[in-house]
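# Summary of structural features
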Amino acid sequence: MEKSLKPATLCVQAGWKPKNGDPRVLPIIQSTTFKYDNTEEMADLFDLKKEGYFYTRLQNPTNDAVASKIAALEGGVGAVLTSSGQAANFYAVFNICEAGDHIVTSNEIYGGTYNLFGVTLKKLGIECTFVSQEASEEEISAAFRPNTKVLFGETISNPGCKILDIEKFARIAHKHGVPLIVDNTFPTPINCRPFEWGADIVTHSTTKYMDGHATQVGGCVVDSGNFDWETCTHKGDSSLFTLHSSLPKFPGLTTPDESYHGLTYSKKFGKLAYTTKLVAQLMRDLGSIPSPQNSFLLNLGLETLHLRVPRHCENAQRVAEFLSSDPRVAWVHYSGLPGDECHELAQKYLPNGSCGVLAFGLKGDRQTAVRFMDSLQLIAIVTHVADARTCVLHPASHTHRQMSDEQLREAGVAPDLIRLSVGIEDVDDILADITQALAKIG
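The sections below set out a description of the structure shown in this document. Just so you know, the residues in each chain are numbered from 1, in the order the chain's sequence is written. Note on the predicted model: pLDDT of at least 70 is required for a residue's local features to be given, and 80 or more for side-chain atom pairs to be given and counted; whole-chain, interface and lining totals, by contrast, use all residues. Side-chain calculation: all heavy atoms of the structure are included, whereas hydrogens and water are not.

### Some points on the state of the cysteines
What counts is decided by this rule: Disulfide assignment relies on a single distance test, namely cysteine sulfur atoms paired within 2.5 Å.
For the structure shown, the criterion picks out zero disulfides. Cys128 carries a free sulfur, and the closest cysteine sulfur to it, the one in Cys97, is 10.0 Å from it. Residue Cys391 stays outside any disulfide, its sulfur separated by 12 Å from that of Cys355, the closest cysteine.

Structure, rendered in structure tokens:
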């Protein structure tokens, strides 16, 4: 039935299906472990012969209910919650990559993810090549190697607010026999469902709009079930990719796992191979689970996601129009503006609106941006983004300060870039605060 339900209904109803006498509201199962009557039942769970719960590091009923809701919203076959959005991106890649492998990613991504892929994964033996997402298919394809396993991008880049051409990236990925992973944090499945455009795996920082109130840190990995790990093709894809090597491209999923008595995930679990391996292997060995309490809070946020996202977009559109008309503002990036370089892509992928985040720069220098931000009264300077309260950040000084000027430019982060996350307050109050702060810079 869930497949026929609209997103607003899924936000409220999906995931938790109470039986007769069960609590109507998703309960917090705040327990590390679960009891069984005999050793055989527990052994079957450890061998993945049966489904069930035995230790919360692997699975927990509260966590799984919320993961199921997000999977339904994205149109995926399964999902796994993680302790942060960074953990989600790490697990999404590391689940199919190992030492000696290579990934290709857009350079228009969050600074923490840029560092994760370009620095930390390198220490694990996984190389990364950054490409411009505006480059031609031929140029991006040139970055691929025989050992490339993933193509990655963000639906709306953080903080540059660029829109990813998902269909183009999907064509490139599938041409080379690898999955496309898309971070869909900013638009959420309310405004964009990347699977419908050819993406194979979606990640989220649930800390952002899904929670919506800055109460918990979390992430999620969602699998479409459309990528065939054995043939390395996307469901319904007519690309020319053929597996030239006799060696499997994704051995972690398609060859026996000795830590589970030789079980092969792709043969045993079919479309659920990817998420099953992520839980059974990575969560088993690395952890990074959310607490059931955090998942409970996330679920409360999800219940109003379909109401909040349109308000964020409506307010952000008003603010973007106001800023673009002010002579003290040098530039504004918001895809809702007709003159924005990503407006056409937004009309295709985000016809109902993008998100509440916009980027702009003031005429002057870096200190001009600092003076403006320090003059704000209602709008707070915080590291966070994408919740009910309007907030502001200077990425070059904060989230991206670990990057060199050259890396900043490659990632589309100008020294004067101000990231403004427009909340759901009365937009006139937001505009009044911006107006008085602009007056302070002259």
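### Observations concerning unusual backbone geometry
How we decide: Secondary structure counts use DSSP, requiring at least four H or I residues in a row for a helix and at least two E residues in a row for a strand, with both numbered from the N terminus. Three exposure classes are used, based on accessible area relative to the maximum for each residue type with a 1.4 Å probe and protein chains only: buried under 20%, partly exposed in between, and exposed over 50%.
At the junction of Asn158 and Pro159, the peptide bond is cis and its omega measures out at 15 degrees in the coordinates. A positive phi angle, close to 60 degrees, is found at Ala214, a residue other than glycine. One can find Ala214 in the loop between strand E6 (201-205) and strand E7 (219-223). Among the residues examined, Ala214 registers a relative accessible area of 42% and is labelled partly exposed. Even without glycine at this site, Ser288 takes up a positive phi of about 65 degrees. Among the structural elements, Ser288 can be located in the loop between helix H11 (273-286) and helix H12 (292-302). Overall, Ser288 belongs to the partly exposed group, its relative accessible area being 31%.

### Things to note about the sheet that holds strand E1 (residues 78-82)
Short version of the rule: One bridge is not enough; two strands pair if DSSP finds at least two bridges between them. Helix axes are fitted to C-alpha atoms over the stretch in contact, other axes to C-alpha atoms as well, and angles between N-to-C directions run from 0 to 180 degrees. Whether two residues are in contact is decided by their heavy atoms, any of which lying within 4.5 Å being enough.
Read across the sheet, seven strands follow the order E1-E7-E6-E5-E4-E2-E3 without closing on themselves; strand pairing throughout is mixed. Of all the strands in the sheet, just E1 and strand E3 (127-131) have a single pairing partner and so form its edges. Between one strand axis and the next, the sheet turns through 20 degrees on average, direction left out of account. When strand E2 (residues 102-106) meets strand E4 (residues 148-154), the two strands line up parallel, connected through four bridges. What sits directly across from Val104, in E4, is Leu151. Packed onto the sheet, H11 meets E1, E6 and E7 and runs at close to 30 degrees relative to E1.

### Quick notes on the packing of helix H3 (residues 61-74) against H12
The condition is simple: Handedness of a helix crossing follows the sense of rotation of the near helix relative to the far helix, less than a right angle counterclockwise being left-handed and clockwise being right-handed. Each residue gets one label: Ala, Val, Leu, Ile, Met, Phe, Trp, Tyr, Cys and Pro are nonpolar, Asp, Glu, Lys and Arg are charged, and the others, such as Gly, are polar.
For the pair H3 and H12, the least separation of the axes is 8 Å and the interaxial angle reads 35 degrees. Like other packed secondary-structure pairs, H3 and H12 cross with a definite hand, here left-handed. For the pair H3 and H12, contact is made by Thr62, Asn63, Val66, Lys69, Ile70 and Leu73 and by Pro292, Ser295, Phe296, Leu298, Asn299 and Leu302, respectively. Across the contact of H3 with H12, the residue classes tally to seven nonpolar, four polar and one charged.

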